[in-house]
Amino acid sequence: MKLKENIRLCLIIGSIFLVLYILFAASPLGQELQLSPEWTIDIKDRQYFLEEGSVAQVQIPFKMGQNMGYFTPEGKISLLETFPFKATISSSYRASYSQNSSVVQFYSLDSATPIGEIHGSGFPFFTENGFFLFGVGGCSLAQYDYSGNKIWNYENYVPIISFSSSPAGVAVGYADGTVLVFSPTGELLQTFEPGGSSFPVILGVDLSDSGQQLACVSGIDRQRFVLAQEKNGLTKVVYHHYLEMDQKEPVLVQFSQDEDYVFYGTSIGIGILDCSSLENRIIKLEGKILSVQEVPNLDLVCVLAKNKDGYSVYFIEGFGNLVGGFHFDAEVSFISVQDDSLYVGKDNTISKMKIMFE
Amino acid sequence: MKKWILGLTFFILASFSVFAFTWPQTDVTVDSFANFFGQKRGEAFCNSLIFLSPSEVVAAEKGTVLVVTGENSGEMGWFESPLGNSVILAHDDEMISVYGNLQTMDIDSSAKYLQAGRLIGTSGSSGWQNGQSGLEFQIIDTQKDATINPLLLMPQIDFYQRLRIQGISVVSRDGTEYDLRVRRTVPPGRYSLYFQRLNEEHPYSTTVSINGAAVETVTFDVLTKSKNMLSVSGKRQFTAKDVYPKGQKQLLAEISLAQGRNTLNISAKSINGTETSLTYILDVR
């Protein structure tokens, strides 16, 4: 009798505990990243070309291998150009050039004929902030306006290894471990030498849009990531972090659009620094980091990395949570993000995927 | 500034006895070069020694691999360096050497240290080149912020470099040009003295004397920064725009011609000491 009562008591207590556990321990399932393919087009197939006379509201630039041009979010090629040597393209301008280039004709988004010329021997580079020319010998840089007139130029004695342009100006990283920051009119604003390594060299650099922050990956033995911020007219290093292994090639460094974070390539993946709290995370990824594209509405970044046998795209949520990725074989690739859609170029195709959390 | 330049030149020449590079490729002769250091290249000074033909390229001196560029070539969003595929080595005494315009690379970014003579790759056509050319080779002193004429630090080779001084002219401050081949009477005043350069030749130094007194020596031994531009040293720092103003002109000196008879002597020297000179007797009135 006493045993039966004990068993009944245990069952009652256990049941109450179970009900309470279900009520309080249960939590809703987290949202998962979903990629919904919308279309894939072959850039060489004329059926995907925009009909003549049609006007595209949005045109997204691409450059893959020896092809460049623009496509629409609806999956139409609005312009395709093949070039024999090298080319440069931005959202509004493009140019192809030869190996002994000294005059570069450039085109605007909708022009089939050149709208101007850049005179100077070297290789041009178009960004969203202007036209630049890297001069012969690899040590000089010039900026031009959108009419092709030279605004300023600067000759250094040592090769340029890294470069960043922003509305605030440009930052140039050199093989002697120096970063020079120029205003949009070519005024030398600051000279920054992060030091801290046996062999100084600036492998990657970025200047934030406001010009208030400068980040770089520098040095060999030992290599480090450095963040400098301007406060009260003075620029000083606010964070530095020695990297696990030296990288010996140019490295991506990129501030987020809101300047809250800075991304940088490492030998084992991607580093992300919170510029306010100075908390740093390294996310292990395979491959060399080539591009970081933000999906602002979703607090997500898409990362393109190049592996020995192709490319990988990774998705990082918030501050440093790897939430997904995929790998594909390709000789050439690019990624671009518009609104909440990811565009992935692979050799001769471009695909669109809608990004969602469900 | 002038003392600094003299000091640097002495340092370089003194260093030659204790620290020298070997040729970055084999079988080097006087005909091996497409461009010499200091020559006009594009709108600027050539800051490299550019070899004429593709060849195997080796490390000119033992050193640490600083950076290998070119692996991002063609990727969207990355700039293209006119050096093309290149390898940069760091050596003792804060010197670095640059091997540009490589077509193939025998090392990659995992390489840490190279011995002198180690194969780096083969030169070709990955960078900016005008006409036939191979390796683009630079030697840089990061302590002195100077690019050094690589021929100063290479083993001397027996070759006779032909140098010709021709097409001498003077240009006055108001832009009036006098061709001294046909006219030896000029007004007194200050002038820029030029000769007609030849693309296949380039003197290591030029000296101008008036009435036996040396008034200017321009030496293409180092390129240093003068404000925003690279410059060579003379009585002042001359930029590429000063030395190569227009067409085929090359600056010899900025001179003052006083009333009377002026004996103008111009000499050009190659790096191995070969000298060519020319003398004009000017009637200045």
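Residues numbered from 1 in each chain as written. Chains lettered and ligands numbered in written order. Predicted model: local features only at pLDDT ≥ 70, side-chain atom pairs only at ≥ 80, totals over all residues. Heavy atoms only, no water.

Peer 1: Sorry, what's going on with the overall build of chain A here?
Peer 2: Secondary structure summary: chain A contains one helix and 31 strands in total. Its C-alpha atoms give chain A principal-axis dimensions of about 105 × 55 × 40 Å. The buried share of chain A, taken over its 358 residues, is 53%. In chain A, of all internal contacts separated by at least 6 residues, the share reaching a separation of at least 24 is 38%. Carbon and sulfur atoms form 50% of the exposed surface of chain A, whose accessible area is close to 16,300 Å². Of the charged side chains in chain A, 23 are positive and 40 negative; the average position of the first set lies 8 Å away from that of the second. (Helix = DSSP H or I, 4+ residues; strand = E, 2+ residues; numbered from the N terminus. Buried < 20%, exposed > 50% of the residue type's maximum accessible area, 1.4 Å probe, protein only. Contact = heavy atoms within 4.5 Å. Areas by Shrake-Rupley, 256 points an atom, 1.4 Å probe, with all protein chains shown as cover. Lys, Arg positive; Asp, Glu negative; His and termini not counted. Charge placed at Lys NZ, Arg CZ, Asp CG, Glu CD.)

Peer 1: I keep staring at the overall build of chain B and nothing clicks. Help me out?
Peer 2: Broken down by element type, chain B carries two helices and 23 strands. Against the globule reference of 19 Å for 285 residues, chain B gives a C-alpha radius of gyration of 21 Å, in line with a compact fold. Viewed in the frame of its principal axes, chain B has a C-alpha envelope of about 70 × 40 × 35 Å. Considering chain B as a whole, with its 285 residues, one finds that 58% of them fall into the buried category. When contacts within chain B are restricted to residue pairs at least 6 apart in sequence, long-range pairs at least 24 apart make up 64% of them. If you average the places of the 26 positive and of the 28 negative side-chain charges in chain B, the two averages end up 13 Å apart. (Rg over C-alpha atoms; globule rule 2.2 N^0.38 Å.)

Peer 1: Teacher, can you tell me more about the sheet that holds strand S27 (residues 310-317) of chain A here?
Peer 2: Pairing between sheet strands relies on hydrogen bonds along the backbone, with the strands arranged either parallel or antiparallel. Residues and elements named next belong to chain A. The antiparallel open sheet is built from four strands, whose spatial order is S25-S26-S27-S28. Edge positions in the sheet fall to strand S25 (288-295) and strand S28 (321-328), since each of these pairs with one other strand and no more. Direction aside, neighbouring strands of the sheet carry axes that sit 20° apart on average. Where S25 meets strand S26 (residues 300-307), seven bridges bridge the pair, whose relative direction is antiparallel. Its bridge partner lying in S26, Lys288 is registered against Lys306. (Pairing = 2+ DSSP bridges. Axes fitted to C-alpha atoms, helices over the stretch in contact; angles between N-to-C directions.)

Peer 1: Hey, could you run me through the sheet that holds strand S14 (residues 177-179) of chain B in this one?
Peer 2: All names here are of chain B. Within the open sheet, the four strands sit side by side as S14-S13-S16-S21. Their pairing is antiparallel. The open sheet is flanked by S14 and strand S21 (249-257), the only strands paired with a single partner. Between one strand and the next, the sheet's axes are offset by a mean angle of 25°, whatever the strand orientation. With eight bridges joining them, strand S16 (residues 189-196) and S21 adopt antiparallel strand pairing.

Peer 1: Help me understand the nonpolar core, please; the structure alone is not making it clear to me.
Peer 2: Here is a general trend for soluble globular proteins: nonpolar side chains tend to be buried in one another's company. Ranked by size, the top nonpolar core spans 56 residues in total, and within it Leu141(A), Phe163(A) and Phe225(A) carry the most contacts. Residue contacts for Phe163(A): discarding those within four places in its chain leaves Phe125(A), Thr127(A), Phe132(A), Phe134(A), Leu141(A), Val170(A), Ala171(A), Val172(A), Val205(A) and Phe79(B). (Core = buried A, V, L, I, M, F, W, Y, C linked by side-chain atoms within 4.5 Å.)

Peer 1: Hey, could you run me through the side chain of Arg197(B) in this one?
Peer 2: Residue and element names in this part refer to chain B. Looking at the secondary structure, you find Arg197 in the loop between S16 and strand S17 (205-210). Engagement of the side chain of Arg197 in a polar contact is seen with the side chain of Asn199, the distance being 3.2 Å. Leave out the neighbours within four places in its chain, and Arg197 touches Lys40, Tyr244, Gly247, Gln248, Lys249 and Gln250. (Polar contact = N/O pair within 3.5 Å; in protein donor to acceptor, adjacent residues only side chain to side chain.)

Peer 1: For this particular structure, what's the right way to read the environment of Gly318(A)?
Peer 2: One can find Gly318(A) in the loop between S27 and S28. It is 5.4 Å that separates the C-alpha atoms of Gly318(A) and Asp299(A), two residues lying 19 residues apart in sequence.

Peer 1: Which parts of the structure should I look at to understand the confidence of the model for chain B?
Peer 2: Low-pLDDT portions of the prediction should not be read for the details of their coordinates. Residue and element names in this part refer to chain B. On average, residues of chain B score 90 in pLDDT, and 92% of them reach the 70 mark or higher. Per-element confidence in chain B is highest for strand S11 (residues 136-141), whose mean pLDDT is 98, and lowest for helix H1 (residues 2-16), whose mean pLDDT is 53. Across residues 14-18, confidence stays below pLDDT 50; counting only partners more than four residues off in sequence or on other chains, it has three contacts. With pTM at 0.91, the complex prediction returns an ipTM value of 0.92. (pLDDT = per-residue confidence, 0-100.)

Peer 1: What am I meant to see in the interface of chain B and chain A here?
Peer 2: Accessible area lost upon the coming together of the parts serves often as the stated size of an interface. The interface of chain B with chain A comprises 52 residues on the first partner and 50 residues on the second. The largest contributions to the chain B side of the interface with chain A come from Met76(B), Phe79(B) and Trp128(B), which together make up 18% of the buried area. Where chain B meets chain A, there are two salt bridges. Joining chain B to chain A, the criterion identifies 22 residue pairs in polar contact (both at pLDDT 80 or more). With six residues, the single largest contributor to the side of chain B that touches chain A is strand S6 (residues 63-69) of chain B. (Buried area = accessible area lost by both parts, 1.4 Å probe. Salt bridge = Lys/Arg side-chain N within 4 Å of Asp/Glu carboxyl O.)

Peer 1: Can you help me understand the pairing of strand S17 (residues 199-207) of chain A in this one?
Peer 2: On a regular strand, one side chain projects to one face of the sheet and the next to the other, so that they alternate. All names here are of chain A. Along S17, seven of the nine residues are buried, which leaves the element largely enclosed by surrounding structure. Looking at chain direction, S17 and strand S18 (residues 213-220) are connected through six bridges and run antiparallel. Of the residues in S18, the one forming a bridge with Asp206 is Ala215.

Peer 1: Help me understand the side chain of Ser205(B) in this model?
Peer 2: Relative to the helices and strands, Ser205(B) is located in strand S17. Sequence-distant contacts of Ser205(B), that is, excluding residues within four places in its chain, are made with Val218(B), Thr219(B), Ser267(B), Ala268(B) and Lys269(B).

Peer 1: What's the story with the pattern of salt bridges in this structure? I'm lost.
Peer 2: Think of it this way: side chains of opposite charge can pair up when their charged atoms draw near. Using the criterion set out here, one finds 17 salt bridges over all chains in the structure. Between Arg281(A) and Glu279(A) there is a salt bridge whose closest N-O contact spans 3.5 Å. With relative accessibility at 29%, the residue Arg281(A) sits in the partly exposed group. Through salt bridges with shared partners, one network takes in Arg164(B), Glu200(B) and Glu201(B).

Peer 1: I tried to follow a nonpolar patch on the surface on my own but got confused; where do I start?
Peer 2: Residues and elements named next belong to chain A. Where nonpolar side chains cluster on the molecular surface, the patch consists of Ile12, Ile16, Val19, Leu20, Leu23 and Phe24 and spans about 640 Å² of accessible area. Note on placement: Ile16 falls in helix H1 (residues 2-25). Ile16 sits in the partly exposed class, given a relative accessible area of 49%. (Patch = residues over 30% accessible without salt bridge, like charges linked within 9 Å, V, L, I, M, F, W, Y side chains within 5 Å.)

Peer 1: Just checking my understanding: could you explain unusual backbone geometry for this structure?
Peer 2: Excluding glycine, most residues fall at negative phi; most peptide bonds, likewise, are trans. Looking along the chain, the bond that leaves Asp221(A) and enters Arg222(A) is cis, with omega of 0°. Located in the positive-phi region is Glu259(A), a residue other than glycine, with phi close to 65°. Examined against the element boundaries, Glu259(A) turns out to sit in the loop between strand S21 (253-255) and strand S22 (261-265). Accessibility expressed as a relative area gives 16% for Glu259(A), which makes it buried. Here Glu94(B), not a glycine, exhibits a phi torsion of approximately 60°, which is positive. In this fold, Glu94(B) is placed in the loop between strand S7 (85-90) and strand S8 (95-105).

Peer 1: Is there a simple way to think about the packing of aromatic side chains in this case?
Peer 2: Working definition: an aromatic ring pair is given by the centre-to-centre distance plus the angle between the planes. Residue and element names in this part refer to chain A. Tallied over the full model, the rule gives 38 aromatic pairs over all chains. Judged by centre distance (6.4 Å) and plane angle (80°), the rings of Trp39 and Phe71 are edge-to-face. Of the two residues, Trp39 is situated in strand S1 (residues 33-42) and Phe71 in strand S3 (residues 67-71); the sequence distance between them amounts to 32 residues. Comparing Trp39 with Phe71 shows no difference in burial state: the two are buried. Ring pairing ties together the aromatic residues Trp39, Phe62, Phe71, Phe334 and Tyr343, which thus form one cluster. (Phe/Tyr/Trp six-rings, centres within 6.5 Å; stacked < 30°, edge-to-face > 60°.)

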